[in-house]
Structure formats: C-alpha cells, structure tokens
Amino acid sequence: MIRLKDKDYKHIVQRILCIMQEYQCLRKNTIQSESAEGIAEENTFYVFRTDTKTILAKGIIGYEAAKERANRFRKAMNLRWDQIQFKAERQTPTPKRFGVSADGRNYTNARGETGRVDYARNYNSSKGRYFRGVYDKDGNYGDIE
C-alpha cells in the first residue's frame, strides 16, 4: 500500500477545486449563451446613447444584429464603449377581455366562461344602475359590481 503525505492530499484537493471552478464557469457561460440566444430569437432591440439617452435606432430584429448596429454607430460617431448600448424593446401584454360586454348582455369571467347577464327590477341608486348578476355553468348565481 502506498502512503501519501500531507502535500499530496493538498495537491489533490487543489486540483479537485480547480476542476469544480472550471465546471462552474463553463456552466455559467452556457447558461448565458442560451439566454442570449432566447432573447435573440424573440425580441426586437433599440440602440441608444447612455450620456444623452437619445434613441438612435429602433426595431432591430435579433441580438447579433443589434450588437453589430450599435458597434457601427459607435465607430461612426467616435464614441466610447460605455456611451452606447442596446436593449430589448418592451412588449405590451395583450389585455385580458373579461367582464360585461359592451352591449351589456354577456359576461365573461377570468377563466373565459361566458354567461347571460340578468338585470333585477330593483334600482341601485348608489351605482346608478339596476342590480345585475350572472349564472355560471353549474347554476350558481353571482353578483356583478
């Protein structure tokens, strides 16, 4: 059996730690590249100056195209690297359509289920309209504000 000295153990532990750090860096880089690829496929970008907040270009499709365009602006305007940036444009969320329809006859809940709005004969003076409610598919009645 071979006997190892303390120096040998330290060397082995240091080597294992180095391998673990390299693996963590490699994983971090692959995650960043995957997220950049995901951004590149989905979004449009805009290029702007950081010192004046002036937008130089909008609607650039793709991460690489935005990077290239920002670099061209930087060279053409003799700017430093920190004076020009690009960001993904914000996407407006599609509004959810639920509630009472414009004609006041149908009601759609948050799950997309529709039902007929029933109006009572009693008038709600605080709201300025008649009481109203809707029956769901199970036959339960619910008030509508």
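Scroll up for the structure.
### Re the overall build of the chain
And step 1. Along the backbone of the chain there are two helices and eight strands.
And step 2. Going from the N terminus to the C terminus, the chain shows its helices and strands as α-β-β-α-β-β-β-β-β-β.
And step 3. Per-residue burial over the chain gives 18% buried out of 145 residues.
And step 4. Counting contacts in the chain only where the partners sit at least 6 residues apart, residues at least 24 apart contribute 28% of the total.
And step 5. Just so you have it, the chain exposes about 12600 Å², and 51% of that area is on carbon and sulfur atoms.

### Digging into the side chain of Asn43
And step 1. When you line up the elements, Asn43 lands in the loop between α1 (6-42) and β1 (44-49).
And step 2. Residue Asn43 is classed as buried on the basis of its relative accessible area, which comes to 14%.
And step 3. Look past the residues within four positions of Asn43 in its chain and what remains in contact with it is Ile60, Ile61, Gly62, Ala88 and Gln91.

### Notes on the pattern of salt bridges
And step 1. All told, the structure shown has five salt bridges when counted by the stated rule.
And step 2. Of the charged contacts, one joins Lys67 and Glu64 as a salt bridge, the two residues approaching to 3.5 Å between their closest N and O atoms. One end of the pair is Lys67 and the other is Glu64, both in helix α2 (residues 63-76) and three residues apart, which spans about a single turn.
And step 3. Assessed through its relative accessible area of 49%, Glu64 is described here as partly exposed.
And step 4. Between Arg72 and Glu68 there is a salt bridge, with its nearest N and O atoms 3.9 Å apart. Linking Arg72 with Glu68, this pair stays in helix α2, spanning four residues, or about one helical turn.

Conventions used here
Residues numbered from 1 in each chain as written. Predicted model: local features only at pLDDT ≥ 70, side-chain atom pairs only at ≥ 80, totals over all residues. Heavy atoms only, no water. Helix = DSSP H or I, 4+ residues; strand = E, 2+ residues; numbered from the N terminus. Buried < 20%, exposed > 50% of the residue type's maximum accessible area, 1.4 Å probe, protein only. Contact = heavy atoms within 4.5 Å. Areas by Shrake-Rupley, 256 points an atom, 1.4 Å probe, with all protein chains shown as cover. Salt bridge = Lys/Arg side-chain N within 4 Å of Asp/Glu carboxyl O.

These figures come from the coordinates and say nothing about function on their own.
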